[in-house]
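Per-entry structural report
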There are 2 protein chains.
Amino acid sequence: MLDSLEELVGALSKLPTIGRKSAWRLALYLMERPESEVKHFADTVFSVRQKIRRCDVCFNYSENEMCTVCASQARDRSVICVVEKPTDVFTIEKAGRYRGLYHVLGGLLSPLNGITAEKLFIAQLVERLHTNEIKEVIIGLGGSSDAETTGLYLAKILGGKKIKLTRFARGLPAGLELEYVDQLTLTQALNERIDILS
Amino acid sequence: MLDSLEELVGALSKLPTIGRKSAWRLALYLMERPESEVKHFADTVFSVRQKIRRCDVCFNYSENEMCTVCASQARDRSVICVVEKPTDVFTIEKAGRYRGLYHVLGGLLSPLNGITAEKLFIAQLVERLHTNEIKEVIIGLGGSSDAETTGLYLAKILGGKKIKLTRFARGLPAGLELEYVDQLTLTQALNERIDILS
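Keep in mind that what you see is a predicted model, and the values were worked out from it rather than measured.

**Topic: the pattern of salt bridges**
Per the stated rule, a full pass over the model turns up 22 salt bridges over all chains. Measuring nitrogen to oxygen at the nearest pair gives 3.3 Å for the salt bridge that ties D43(B) to K39(B). Taken as a pair, D43(B) and K39(B) lie in helix 3 (residues 35-51) at a separation of four residues, close to a single helical turn. Salt-bridge contacts for D88(B) lead to K85(B); the nearest nitrogen and oxygen are separated by 3.4 Å. For D88(B), a relative accessible area of 17% translates into the label buried. With relative accessibility at 32%, the residue K85(B) sits in the partly exposed group. Bridged by salt links that share partners, the residues E148(A), R167(A), R170(A) and E192(A) form one connected network.

Written out as structure tokens, the structure is:
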């Protein structure tokens, strides 16, 4: 009926998690906003996309050749935390306790979905270990089975090098009562229990 | 950490039903798409907003001064269906059986939320009835209490005119088994029952 509105709904419904119904709601919302506001929104979308690239070193998102973490002189350059995607860097940075560098893989190994090691920034990680004074690599991946697979693969190819290889601890999440903790998490928390007197 | 990305997340999370988490997901999705595709998306958003205005007659969305329904010579110009918002026009048009005109109120009366008659296109509806050969006004509002209030208000101000005033039938929705129908709907279906022999 209104081709241009249909076109906008089509464009919006291509976004992840936005179905046709949500797309209609968003489109109608945008039609109700002042033209200047919608222009600003559209400009933001494109200008940010235009500004953002991957850091040449760690493959995190960056506005420059090197991201703010890699470029910072305040970071501990002997530790690299390997994460799946740029949001993971944001998440860890928000916690504010990690002072080392990062390496973003750009995904997780998932042979069934055609994600092989060549499609991730794994070779570039190995390269960084050759050329830098890295003492420790922390595998900072999540708890999914693809994350497990990826962690095991990295352990295999990095295991031969004289570099300390660690991974995030598994155990009880903060603030959750025991009765709400799933059995696998509980088993991991038991297996990786810490001697509180040592 | 990355101001431009934060800016995009902020802009996206202003959209209805998009929280900060969804906004991050959308932003990261957009960062992964080719620049040309994101440019096309942003252009679509703004150009559609720029093209769309309200029809001078019925206040439906339109690309011209008059919407396609109002401009059509094939429509029955003696009937106006009063609806809340432009999507309602799309919904009724999709069903494909209504051949009259529309009038979009631009909302429902909701005194508690400050939506009074002056904020809706009600005066313009009354105006259309003065100047045109309208024989019937169909109140095509939904079943919410604000819709009821608005319908009653319209009945009051239009009741004095020599125009047939109808509203959508209330009753059982198509395809729903009786056991899933709520009690109010069932009561309405009973109250508005039709003589099948007449």
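**Thoughts on the state of the cysteines**
Overall, the coordinates contain zero disulfides over all chains when judged by the stated rule. Free cysteine: C67(A), not disulfide-bonded; nearest cysteine sulfur from C58(A) at 3.6 Å.

**Here we look at the relation of the copies chain B and chain A**
For the pair chain B and chain A, the superposition axis carries a translation of 0.1 Å, the fit reaches an RMSD of 0.2 Å, and the rotation angle comes to 179°. Look at the turn and shift together and you get a two-fold axis relating the two. Relative to the rotation axis, the C-alpha of A42(B) is the closest in chain B, positioned 2.3 Å from it.

**Details of the sheet that holds strand 3 (residues 79-83) of chain A**
Residue and element names in this part refer to chain A. Strand order in the open sheet made by the four strands is 4-3-5-6, with parallel pairing throughout. Each of the sheet's edge strands pairs with one partner strand only, and the pair in question is strand 4 (101-104) and strand 6 (164-167). Strand-to-strand twist of the sheet, defined as the mean angle between neighbouring strand axes without regard to direction, takes the value 25°. Across four bridges, the pairing between strand 5 (residues 136-139) and strand 6 is parallel. Looking across to strand 6, one finds that I139 is bridged to R167.

**Here we look at the side chain of S78(B)**
Residue and element names in this part refer to chain B. The topology assignment puts S78 in the loop between helix 4 (68-71) and strand 3 (79-83). With a relative accessible area of 14%, S78 lands in the buried category. Not counting the four nearest positions on each side in its chain, S78 is found in contact with E133, I134, K135 and E136.

**Concerning the interface of chain B and chain A**
Taken together, the contact between chain B and chain A spans 48 residues of the former and 48 residues of the latter. Where chain B meets chain A, there are two salt bridges. The salt bridge partner of E32(B) is R54(A), with a shortest N-O separation of 3.1 Å. Scanning the region where chain B abuts chain A turns up twelve residue pairs in polar contact (both at pLDDT 80 or more). Looking at the side of chain B that touches chain A, the elements with two or more residues in it are helix 1 (3-13), helix 2 (20-32), helix 3, strand 2 (61-62), helix 4 and helix 5 (86-95) of chain B. Sorting elements by how many residues they give to the side of chain B that touches chain A places helix 3 of chain B first, with twelve residues. Taken together, the residues of the side of chain B that touches chain A sort by class into 27 nonpolar, eight polar and 13 charged.

Scoring rules and cut-offs
Residues numbered from 1 in each chain as written. Chains lettered and ligands numbered in written order. Predicted model: local features only at pLDDT ≥ 70, side-chain atom pairs only at ≥ 80, totals over all residues. Heavy atoms only, no water. Salt bridge = Lys/Arg side-chain N within 4 Å of Asp/Glu carboxyl O. Helix = DSSP H or I, 4+ residues; strand = E, 2+ residues; numbered from the N terminus. Buried < 20%, exposed > 50% of the residue type's maximum accessible area, 1.4 Å probe, protein only. Disulfide = S-S within 2.5 Å. Least-squares fit on C-alpha atoms with pLDDT ≥ 70 in both. Pairing = 2+ DSSP bridges. Axes fitted to C-alpha atoms, helices over the stretch in contact; angles between N-to-C directions. Contact = heavy atoms within 4.5 Å. Polar contact = N/O pair within 3.5 Å; in protein donor to acceptor, adjacent residues only side chain to side chain. Nonpolar A, V, L, I, M, F, W, Y, C, P; charged D, E, K, R; others polar.

That is the geometry; function is a separate question.
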